Amino acid sequence: MSTPDRHVRIGVVGATGAVGTIVRSLLRERGYENVRYFASARSAGRELDGRVVEEATPAALSAGDVDVFLFSVGTSKSRELVPHAVGGGAVCLDKSAAFRLEEGIPLVVPEVNGDRALEHDGIIAVPNCCAIPLTTVLKPLHDEAGLRRLRIATYQSVSGAGAQAMERLRAEASDAHDLRQDWEFDGEEFDEEEKLRAETRKILELPDLPVSATCVRVPVLVGHMESVWIETEAPLSAERARELLAEAPSVRLEDFPTPGKSAGRDDVLVGRIRPDRSGETGLTLLLACDNLRKGAALNGIQTMELLLSRQALAA
């Protein structure tokens, strides 16, 4: 695989937000220099990292002077702006839910289904911040023994709700901390739970996989944690699962994964791997991931780098 072109023209849309801030930091760490920042009219004109933030308007994004855009804005804004950027000839990696489940648009975790990124027609969707670490861990287990059923409980940090939610938590008295479920509710499921099921199926290409999820928001600034119960088609011991995960890309074994341990790390932490005593062919495990890094910003950048290394950036 060839080295990605560090001179590629990159636009970061949503550069001032929680994820956009990490995107900027990672691009600097990885040596990209030809980078422009875009945000709302409210943030336009600010200087960040020696660059002036530009307003993310349809005209600016469709000008044809950017090769790839990394979008970290809300769903409605992505639906409005991404088509303009694609129309200008750029490839767009979008972190919102706008395009994730649309037919023909790749939903990509490079370690799991990276080749799907090569099938893009200008838009590649970055999955949900829980689906990314979950499928990264599940992929080697599925390849070994097949997945029959999943049950998941997530414990998601407030940074998943954005920078303002982080500021609210910082300002909140500790005795006011509580668990929350701050997603849209249809009377039975929160949309976060439905997203996790649908995206996991799409990424793993298992459209009929039974998946049940319960999602909660916890008073932690950064780092999502998931408790996962796995039923496999063939027997899979905890010892063999540990061996597989020790060799898996972007996975790090940890006796007791926690959000705090995952914060600032690029790998998915996984541990407490043990037999599920309620079934004959089951395992249970815990995973934790920095939702702003591998759960969002880094996953998009890694997908961009996969395209660059395959010289497949042009739409």
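Here is a short report on the structure shown in this document. Note that the coordinates shown come from a computational prediction; the quantities given were computed from them, not determined experimentally.

Rules used throughout
- Residues numbered from 1 in each chain as written.
- Predicted model: local features only at pLDDT ≥ 70, side-chain atom pairs only at ≥ 80, totals over all residues.
- Heavy atoms only, no water.
- Phe/Tyr/Trp six-rings, centres within 6.5 Å; stacked < 30°, edge-to-face > 60°.
- Buried < 20%, exposed > 50% of the residue type's maximum accessible area, 1.4 Å probe, protein only.
- Lys NZ or Arg CZ within 6 Å of the ring centre and 35° of its normal.
- Helix = DSSP H or I, 4+ residues; strand = E, 2+ residues; numbered from the N terminus.
- Pairing = 2+ DSSP bridges.
- Right-handed = clockwise from strand over helix to strand, strands pointing away.

Throughout the structure, instances matching the rule amount to four aromatic pairs. With a centroid separation of 6.3 Å and 70° between ring planes, the pair formed by tryptophan 183 and phenylalanine 190 is classed as edge-to-face. We note that tryptophan 183, like phenylalanine 190, is buried. In textbook terms, an aromatic cluster arises when at least three aromatic residues are bridged by ring pairs, as seen for Phe38, Phe69 and Phe71. The cationic tip of arginine 24 hangs over the ring face of tyrosine 37; the distance from NZ or CZ to the ring centre is 5.5 Å.

It is worth spelling out the pairing of strand β2 (residues 35–39) at this point. Extensive coverage of β2 is indicated by the burial of four of its five residues. Bridge analysis of strand β1 (residues 10–13) against β2 gives four bridges, and the strand direction is parallel. In the sheet register, glycine 11 faces β2, and the bridge partner there is arginine 36. In this fold, the crossover linking β1 to β2 by way of helix α1 (residues 18–29) has right-handed handedness. By the bridge criterion, two bridges tie β2 to strand β5 (residues 54–55) in an arrangement that is parallel. Bridging across to β5, alanine 39 finds its partner in glutamate 55.

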